[in-house]
Amino acid sequence: MYLKKEHLYKRDEPYVLKPGPEGYVPPAAASMGIELPDPGEGLIYGCKTNEDAVMEEIAKQMLTGKNPTIFPGPLVLWNWNDHAKIKAQAVLEIANEIPRVMIIPMPDYRPKYPKIEPEEEINPNHPNLTIWHNKIEVCIFVGVHCHYANLTLKMIRAGTNCLTIAVCAEQGHEDAMLTVRDSDDSKLRRLAQVIRKVRESMGIPAPTRPPFGGGKREIVTPEEWTKIRKEGLAMAGNPPKGMPLREGQMPHV
Amino acid sequence: MYLVANIDPGICGATSCTLCTQFCPEANTIQYDKERKTAFVSVDRCKGCAQCVWVCDNMAKHHAIKMIMIDQLPEEFANKLTKNMSYEQENLKPSPINK
Amino acid sequence: MSLDYVKSTPGFEKFMPKDYRDLIDHGPFGKKVSVSQVGTFKEILEEHPMCAGCAMTLFIRLSLIALPNPEDTIIVGTAGCGRLAISQAAVPFVYGNYGDTNAVASGLKRGLMTRFPDKHKDVVVMAGDGGLADIGFSMLMHSWFRKEKFTTIMLDNEVYGNTGGQESGMTNIGSVLKMAPLGKKFEKIDMPDLARTAGCAYVALVVPNNPKRVEQCIKKATLIAREVGPTYIQAYTSCNIEYAIPTDKVMEDAKNVENDRYQFKEYISEDAKQYLAEKWGYKEYAKKAIQTTEAAK
Ligand SMILES: Cc1ncc(C[n+]2csc(CCOP(=O)(O)OP(=O)(O)O)c2C)c(N)n1
Ligand code: SF4
Ligand code: SF4
Ligand code: SF4
């Protein structure tokens, strides 16, 4: 299946960015007229919307979709600086609000050829393998550099029916179905709270177990998880001194 | 079915010269088991080139490695997959400070 | 300098794949590893699609082990077989266009020197003989003329291996290849001599069947390139596919070629010797040691 003709030529109607599979080479959302959100906004299926509304939609999708998964990228997984550290904790806060969520890391961008372990990791050069293997229908990307988010999000839209969410530290990502921008650790924590609120209003009970790894494998025990969260919460209330609280692509500060 | 390298721990353990480990073109494929004092092959990474056989035969002169069909491997081979590998790390010294 | 950036953030340690956990706990970052310890630590090279038994793979593996500070190294490569493995290593890899490597590396190194003035970030070019001696030739030479401070390593398999066997400037005279059926008509380019003339502070010619020597050459070349000047290593890394060498005879072939046209050669400029002795404690290059050996002669 190649690029569908109507995508190329029909530009008078607004393009709706919805879960795929959209075919072998889906158009870049930007080429279909989708713009990045302005500060205080996010995108819902390509449409600029107030950030709070986007967060609520993210919460609903992550709570109701099949096999919800968080894909943390290198900016979250590696201990570049103190900000990465507390941002990582904030991501774990989000995971803590979603029942039966999986955390599958994207530790770096090497091509991982000839084989990857789809239960252990996701790779930007063939993210579809991990999505298919774990039957993921909704996922959050956080901490992936823009150029590889580009690739990953388009490939997922091309070949899978997964709904993609980009919680972006820069200007948001137009190729994700839902996106919010400028996500530093405080915004990540706000997202966690929105998810909790929505979950409670929907009558979904709080998770009883820590997040899983791929294939719903148990990675940390409940005791370990409590410890991780306790340390994380202590860190959030008491950020390390001299911490550069600024965002950016350059991790060595 | 394909060939992989198999090390005889009896012969290798007598000297454990670690020469083959340095000559295998694949990284982390011939590992060294400190307890049993023998090299072993993590077979899921072995590409079957038999370079280690040449090295053990001609350089080390110990004749401890044979190429065998993967289904002929001894029972214990399940432990020799990368997944189960543990690194018997020696106490490595810190590298010179890069300033 | 703490090496926290090669560790995972607290809380995520256990969610990392096994390869990465091994790398963090048992890898070479911030530690002194040597080829004699292989098999006991996690190497930065991962599985890759290069041919079984390829000597280039072995050389790349040894070089990656030999890097003095892998956590602060960037490798620049290009089209050709080598990049298939180098791109699977846990060091940043920049894929220059075919022929561009030394221009890319020049810019990269200068940028890094500006961005991290108080720290050495090593830049290493690793590319094929075609990539460096043919299409990348002018950029290679000019990076040397300009005395750019990085290391260039030629993976010399004496053929264009990746594209099916065309002759390169480094192919030996008379060699008949799949896509050079009449045989090579002119001599193999004498790159080590050119490197010396063009101003390299360190030049070495090695074969991979001496892992310790490979290690020492790579270490010296990277260290010298930090402060003294450009360095060049040329390694014979046979292509067993294009030269039809049975994989279990690759080391035998390397030995024969070593005796024929790849005898170990090393050139170190006086400045570089002094630098190695003073900054990195190489006793053999200390002034006294040199004088005594000369007196003995
Ligand atoms: C500008 C450009 N020209 C041609 C090619 C095609 N190409 C890809 S790999 C290769 C040969 C590489 O040979 P060499 O540098 O000797 O490396 P080897 O594969 O032998 O290791 C060529 C010609 C290319 N990628 N880019
Ligand atoms: S070369 Fe032979 S004797 Fe030496 S470690 Fe390898 S298998 Fe053992
Ligand atoms: S056969 Fe080749 S790949 Fe396998 S262990 Fe021996 S040298 Fe390594
Ligand atoms: S084609 Fe030749 S040089 Fe390339 S990987 Fe195969 S054996 Fe090595």
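Residues numbered from 1 in each chain as written. Chains lettered and ligands numbered in written order. Predicted model: local features only at pLDDT ≥ 70, side-chain atom pairs only at ≥ 80, totals over all residues. Heavy atoms only, no water.

Here the focus is the interface of chain C and chain A. Contact residues are listed per partner, giving 30 residues for chain C and 33 residues for chain A. For the chain C and chain A pair, buried surface summed over both sides reaches about 2700 Å², with 64% attributable to carbon and sulfur atoms. Among the residues of chain C in contact with chain A, F12, F15 and Y20 of chain C are the three that bury the most area, contributing 28% of the side total. Along the contact surface separating chain C from chain A lie three salt bridges. Residue K115 of chain A is joined to E47 of chain C by a salt bridge in which the shortest nitrogen-to-oxygen separation is 3.3 Å. A per-element tally of the side of chain C that touches chain A places helix α1 (residues 18-26) of chain C first, with five residues. (Contact = heavy atoms within 4.5 Å. Buried area = accessible area lost by both parts, 1.4 Å probe. Salt bridge = Lys/Arg side-chain N within 4 Å of Asp/Glu carboxyl O. Helix = DSSP H or I, 4+ residues; strand = E, 2+ residues; numbered from the N terminus.)

Turning to the interface of chain B and chain C, a few remarks are in order. Residue-level contacts link 35 residues of chain B with 50 residues of chain C. Both sides together, the interface formed by chain B and chain C hides about 3600 Å², and carbon and sulfur atoms give 51% of it. Put simply, chain B and chain C have one salt bridge between them. Counting the contacts that link chain B with chain C gives 13 residue pairs in polar contact (both at pLDDT 80 or more). Of all elements in the fold, only α2 (19-23), β2 (30-33), α3 (51-60) and β5 (93-94) of chain B reach the threshold of two or more residues within the side of chain B that touches chain C. (Polar contact = N/O pair within 3.5 Å; in protein donor to acceptor, adjacent residues only side chain to side chain.)

Residue and element names in this part refer to chain B. The local shell around ligand 2 consists of I7, C12, T15, C17, T18, C20, A39, C56, A60, H62, A64 and I65. Put simply, the parts of the chain that give the shell around ligand 2 at least two residues each are α1 (9-15) and α3. For the shell around ligand 2, a count of residues per class yields nine nonpolar, three polar and no charged. (Near = heavy atom within 4 Å. Nonpolar A, V, L, I, M, F, W, Y, C, P; charged D, E, K, R; others polar.)

Residue and element names in this part refer to chain A. At their nearest, the axes of helix α2 (residues 51-64) and helix α7 (residues 185-201) sit 9 Å apart, and the two run at 60 degrees to each other. In terms of orientation, α2 and α7 fall into the oblique class. Between α2 and α7 the crossing geometry is right-handed. Of α7, the residues touching α2 (which contributes E51, D52, M55, E56, I58, A59, K60 and L63) are K187, R190, L191, V194, I195, V198 and R199. (Axes fitted to C-alpha atoms, helices over the stretch in contact; angles between N-to-C directions. Parallel < 35°, antiparallel > 145°, perpendicular 65-115°, else oblique. Left-handed = near helix turned anticlockwise from the far one by under 90°.)

Attention shifts here to the sheet that holds strand β4 (residues 102-103) of chain A. Residues and elements named next belong to chain A. The strand order across the open sheet formed by seven strands is β2-β1-β7-β6-β5-β3-β4, and the pairing between neighbours is mixed. Looking at which strands have only one partner, the edges of the open sheet turn out to be β2 (47-50) and β4. Relative to strand β6 (residues 163-167), strand β5 (residues 138-142) runs parallel, the two being bridged by five bridges. Bridged to F141 within β6 is A166. (Pairing = 2+ DSSP bridges.)

The interface with the most contacts, out of two pairs of chains in contact, is the one formed by chains B and C. When C-alpha atoms are compared, chain A and chain B, though not in contact, are closest at a spacing of 10 Å.

Residue and element names in this part refer to chain C. For ligand 1, the set of nearby residues contains 16 residues, the closest of which are D129, G131, N157, V159 and G161. In the environment of ligand 1, an oxygen atom lies 2.8 Å from a nitrogen or oxygen atom belonging to the backbone of V159. In isolation ligand 1 exposes 590 Å². Once the protein is present, 72% of that is buried. The dominant element in the shell around ligand 1, judged by the number of residues it contributes, is helix α5 (residues 129-134), at three residues. Grouping the constituent residues of the shell around ligand 1 by class yields seven nonpolar, eight polar and one charged. (Areas by Shrake-Rupley, 256 points an atom, 1.4 Å probe, with all protein chains shown as cover.)

On to unusual backbone geometry, then. Of note, the amide linkage connecting G20 of chain A to P21 of chain A takes the cis form, showing an omega dihedral of 0 degrees. Structurally, P21 of chain A is set in the loop between α1 (5-9) and β1 (41-44). Between Y113 of chain A and P114 of chain A the backbone carries a cis peptide bond, its omega angle lying at 15 degrees. Relative to the helices and strands, P114 of chain A resides in the loop between β4 and α5 (127-134). Backbone geometry places N28 of chain B, a non-glycine residue, at a positive phi of 50 degrees. One can find N28 of chain B in the loop between α2 and β2. Residue classification places N28 of chain B among the buried residues on the basis of a relative accessible area of 0%. Notably, K147 of chain C is not glycine yet its phi reads approximately 55 degrees, a positive angle. Mapped onto the elements of the fold, K147 of chain C is located in the loop between α6 (137-145) and β5 (151-156). (Buried < 20%, exposed > 50% of the residue type's maximum accessible area, 1.4 Å probe, protein only.)

Below, the discussion takes up the confidence of the model for chain A. Averaged over every residue, the pLDDT of chain A is 89; the share at 70 or more is 89%. Predicted confidence is poor over residues 247-253 of chain A, with pLDDT under 50, and the contacts of this stretch with residues over four places away or in other chains come to 23 contacts. (pLDDT = per-residue confidence, 0-100.)

A word on the sheet that holds strand β3 (residues 93-95) of chain C. All names here are of chain C. Within the open sheet, the seven strands sit side by side as β3-β2-β4-β5-β7-β6-β8. Their pairing is mixed. Edge positions in the sheet fall to β3 and β8 (265-268), since each of these pairs with one other strand and no more. Between one strand axis and the next, the sheet turns by 15 degrees as a mean value, whatever way the strands run. As paired elements, strand β2 (residues 73-77) and β3 share three bridges and run parallel to each other. What sits directly across from V76, in β3, is V94.

With that out of the way, let us pick up the pattern of salt bridges. All names here are of chain C. Within the structure shown, the criterion is met by 45 salt bridges over all chains. Put simply, R146 and E148 hold a salt bridge, and the shortest N to O gap is 2.7 Å. In this structure R146 comes out as partly exposed when scored by relative accessible area, which is 40%. The structure contains a network of salt bridges with shared partners spanning D156, E158, K188, D260 and R261.

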